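Fold and contact review
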Amino acid sequence: MSFALAFDLGASSGRAILGRLQDGKIVTEELHRFPNDPVQVGERLQWDLLRLYHEIKQGLLKAKHSGVEPASIGIDSWAVDYGLLARDGSLLGNPNHYRDRASEGIMEKLKEELGEAEIFSRTGIQFLPFNTIYQLAAQSRGGSPQLEGASHLLMIPDLLRYLLTGERYHEFSNATTTQLYNPVAGQWDDTLLGHLGVPRTLFSPVLRPGSPAGVVQASVREELGVGPIPVYAVAEHDTASAVVAVPALERSFAYLSCGTWSLLGTEIEEPVITDEARELNFTNEGGFGDTYRLLKNIMGLWILQESRRAWEREGSTYSFPELVQLAGEALPFAALIDPDDPSFMAPGDMPERIRQYCARTRQEAPQTPGAIVRCILESLALKYRYVLELTERLSGQQFSGLHMVGGGIHNTLLCQWTADAIGKPVWAGPSEGSAIGNLAVQWIARGDFKDIWEARSVIRESFPVTTYEPGASQAWEAAYEQFSRVTGINR
């Protein structure tokens, strides 16, 4: 049996997934799961990186204690955040969280200085205020002592891989999300880095997904009692790994990676760097096999997660299944929001922000948890329709349905309402898409699969896919008109 170990780190939790190929199918086992909570330190919101590294080592130990030494390891995580290393290789403080406020207002300033069209033409990346370029500009312009003393910058999965192996590399799919990588030139963009006043020497070589990236280094081997296990640079942006795991049979397909964030788009051979793509704020992120992911970020289930935390602070504890049940009992289309309104970005009292949004848009604000959750889920489904139609327009493709992967597929109401909203089937599965894609890239690199299409075929046979057929088309068509009016989106 061919074993591989995937570390899949999301914005709220991480997991170590052991995978094996057995009888022509993929079998997975969750060895270790752990929380990934941001930490407020004074005015800064940061990641506890060393805790994450500790949990990775715990995952390796649990593999060892199960009697398995995997033939390879891969790490994937969320994008845009990074850590800085000193000349001696030590970490210069905890990385900032992308929801930290340090980079507020920087995106607008750089747009004024360089021009929105110039930045997009050099990167093809969606304008989001927390992109690496704006975080780095905030540090540079703020005279950050950490940045002044830094020798290397590494993205989160690169950084964890470095701690494991001692080797410093960037990985392509994550590098593109920084809005500092030029996909046309195939390298870091010197013009943008020069404008930030950031030396090119901070950045390491960029590896393509599936490239060898070292072995578990001697100090870790001695500490844990494991061997020199090879480590691969997989598709290290978790969405890139999730797209690898989309069990599509057709070459032209649309996907929705659904979790804390929702990312909806398609896989293409060349980036779409056009004025229309820029005006619609789409992104062209790197994928496996020299592909690009033409997609748009949507706020996602973050709004629901933060609402649940707000209710917990008030003393009311609900499970997610309970909230979904309450949503199903609430009145349909009573109020709608744009999930990407800036007011929903930062942590805080999300139910109150939803009520304030409804007041601004002259809607009767939802009051009960069920009504609030229904508002969130219906609004997400309608936003998915909007972005899917834009994806078809930009890519020149017509999609027969939508593949949903990620933890969000456990929300059966959201899956069904998405099918209703888009008027096409939704194929939901697998739920652990990022981890499965991580494993698949390792097996492709090792020769167990000949290519990504063989991997996708095996994934389809190995994990259940639930089909949701659309219904209630007239009600959802009317709701889309209501959504368009409330949000002001361009049709």
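Read on for a plain summary of the structure. Keep in mind that what you see is a predicted model, and the values were worked out from it rather than measured. Positions within a chain are numbered from 1, following the residues in the order the chain's sequence is written. In keeping with the model being predicted, local features are shown solely for residues with a pLDDT of at least 70 and side-chain atom pairs are shown and tallied solely at 80 or more, while totals for entire chains, interfaces and linings include all residues. To obtain the side-chain values, all non-hydrogen atoms of the structure were used and water was disregarded.

So, about the pattern of salt bridges. A carboxyl oxygen of Asp or Glu within 4 Å of a side-chain nitrogen of Lys or Arg is what we treat as a salt bridge. In total, this model carries 32 salt bridges according to the counting rule given. Measuring nitrogen to oxygen at the nearest pair gives 4.0 Å for the salt bridge that ties Glu312 to Arg308. You can see Glu312 and its partner Arg308 sitting in helix H12 (residues 302-313), 4 residues apart, about one turn around the helix. Between Arg446 and Asp448 there is a salt bridge, and its shortest N-O distance comes to 3.6 Å. Residue burial is assigned from relative accessible area. The probe radius is 1.4 Å, only protein chains are included, and a residue is buried under 20% of its type maximum, exposed over 50%, and partly exposed in between. Residue class for Arg446 comes out partly exposed when judged on its relative accessible area of 24%. Strands here are runs of E lasting at least two residues and helices are runs of H or I lasting at least four, both read from the DSSP assignment and numbered beginning at the N terminus.

Moving on, we get to the packing of aromatic side chains. A pair of aromatic rings is counted whenever rings of Phe, Tyr or Trp (Trp by its six-membered ring) have centres within 6.5 Å, and the orientation is called stacked for planes under 30 degrees apart, edge-to-face for over 60 and tilted otherwise. Counted according to the given criterion, the structure contains 17 aromatic pairs. Ring geometry for Trp311 and Tyr318: centres 6.0 Å apart, planes at 80 degrees, overall edge-to-face. A network of ring pairs unites the aromatic residues Trp47, Trp78, Tyr98, Phe130 and Trp261 as a single cluster. A cation over a ring is seen here: Arg456 above Trp453, with NZ or CZ 4.8 Å from the ring centre. Think of it as a cone above the ring: NZ of Lys or CZ of Arg counts as a charge over the ring if it is within 6 Å of the ring centre and within 35 degrees of the ring normal.

Any two strands with at least two DSSP-identified bridges between them are counted as paired. Sheet architecture is open: 6 strands sit in the order E3-E2-E1-E6-E14-E13, paired in mixed fashion. A strand with exactly one partner marks an edge of an open sheet, and here the two such strands are strand E3 (25-35) and strand E13 (211-215). On average, each strand axis in the sheet is inclined to that of its neighbour by 25 degrees, with strand direction left out of account. Relative to strand E14 (residues 230-233), E13 runs antiparallel, the two being bridged by 3 bridges. Across the sheet, the residue bridging to Val215 is Pro230, located in E14. Whenever a helix is involved, its axis is fitted only over the stretch in contact; in every case the axis is a line through C-alpha atoms, and angles between N-to-C directions fall within 0 to 180 degrees.

Before going further, it helps to spend a moment on H12. Taking 1.5 Å per residue, 12 residues should reach 16 Å; H12 reaches 16 Å between its end C-alpha atoms and fits that length. Those residues of H12 that fall on the buried side of the exposure criterion are Trp302, Ile303, Leu304, Gln305, Glu306, Ser307, Ala310 and Trp311. The first or second residue beyond H12 is Gly315, which carries a positive phi of 100 degrees. One less than the residue count of a helix, multiplied by 1.5 Å, gives the span that helix is expected to have.

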